[in-house]
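# Overview (structure and organization)
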Amino acid sequence: MGHHRFGHSHTRWTSFCRAYGIDPELEHHPAARIQRAAREIRSLATYSPPAVALELQRRLNSLIDGTPTIWHPV
């Protein structure tokens, strides 16, 4: 769901869902937030400080405090 973290358009998400026969409203299911957070934490494992330390810290902070922060590609 790149519109949450990378600023992709919501239309991109909707198109993806339609292409694969998934209900786009799935993102509002209570378990979706937990699954998204787990995937986001897993994605952070590929980063190695100090080269991306600032972005890593931004991402961790957004996961910890729950703010809807746009993540920057590194």
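Everything below is about the structure shown above.
In short, a report on the structure. Quick caveat, the model's predicted, so the values are computed rather than measured.

What counts as what
Residues numbered from 1 in each chain as written. Predicted model: local features only at pLDDT ≥ 70, side-chain atom pairs only at ≥ 80, totals over all residues. Heavy atoms only, no water. Helix = DSSP H or I, 4+ residues; strand = E, 2+ residues; numbered from the N terminus. Buried < 20%, exposed > 50% of the residue type's maximum accessible area, 1.4 Å probe, protein only. Contact = heavy atoms within 4.5 Å. Axes fitted to C-alpha atoms, helices over the stretch in contact; angles between N-to-C directions. Parallel < 35°, antiparallel > 145°, perpendicular 65-115°, else oblique. Left-handed = near helix turned anticlockwise from the far one by under 90°. Nonpolar A, V, L, I, M, F, W, Y, C, P; charged D, E, K, R; others polar. Salt bridge = Lys/Arg side-chain N within 4 Å of Asp/Glu carboxyl O. Phe/Tyr/Trp six-rings, centres within 6.5 Å; stacked < 30°, edge-to-face > 60°.

What follows concerns the environment of Glu 40. Tracing the chain through its elements places Glu 40 in helix 3 (residues 30-44). Owing to a relative accessible area of 8%, Glu 40 belongs among the buried residues under this scheme. Separated by 23 residues in sequence, Glu 40 and Leu 63 have C-alpha atoms that sit 8.2 Å apart. Beyond its immediate sequence surroundings of up to four residues, Glu 40 is in contact with Arg 5, Leu 63 and Trp 71.

Our next topic: the packing of helix 3 against helix 4 (residues 53-65). Direction vectors running N to C along helix 3 and helix 4 enclose 160 degrees, while the axes themselves pass 11 Å from each other. As summarised for this structure, helix 3 and helix 4 are arranged roughly antiparallel, according to the angle between their axes. Of the two possible hands of crossing, helix 3 and helix 4 adopt the one that is left-handed. Taking contact as the criterion, the partners of Glu 40, Ile 41 and Leu 44 in helix 3 are, on helix 4, Leu 56, Arg 59, Leu 60 and Leu 63. A breakdown of the residues in the contact of helix 3 with helix 4 according to their chemical character gives 5 nonpolar, no polar and 2 charged.

This next bit is on the pattern of salt bridges. Pairs may arise between side chains of opposite charge once their charged atoms sit close together. Using the criterion set out here, one finds 4 salt bridges in the structure. Put simply, Glu 40 and Arg 5 hold a salt bridge, and the shortest N to O gap is 2.9 Å. Of the two residues, Glu 40 is situated in helix 3 and Arg 5 in helix 1 (residues 2-5); the sequence distance between them amounts to 35 residues. Here Arg 36 ties to Glu 40 by a salt bridge, and the two come within 4.0 Å at their closest N and O atoms. Of this pair, Arg 36 and Glu 40 both sit in helix 3, 4 residues apart, which is roughly one turn of that helix. One salt-bridge network, held together by shared partners, links Arg 5, Arg 36 and Glu 40.

Evaluated as defined, the whole model comprises 3 aromatic pairs. Between Phe 6 and Trp 71 the ring centres are 6.1 Å apart and the planes differ by 90 degrees, which places this aromatic pair in the edge-to-face class. Of the two residues, Phe 6 is situated in the loop between helix 1 and helix 2 (10-20) and Trp 71 in the segment after helix 4; the sequence distance between them amounts to 65 residues. A relative accessible area of 3% places Trp 71 in the buried class. Aromatic pair Phe 16 and Tyr 20: ring centres 4.9 Å apart, planes at 40 degrees, arrangement tilted. One end of the pair is Phe 16 and the other is Tyr 20, both in helix 2 and 4 residues apart, which spans about a single turn. Under the relative-accessibility criterion, Phe 16 is labelled partly exposed at 41%.

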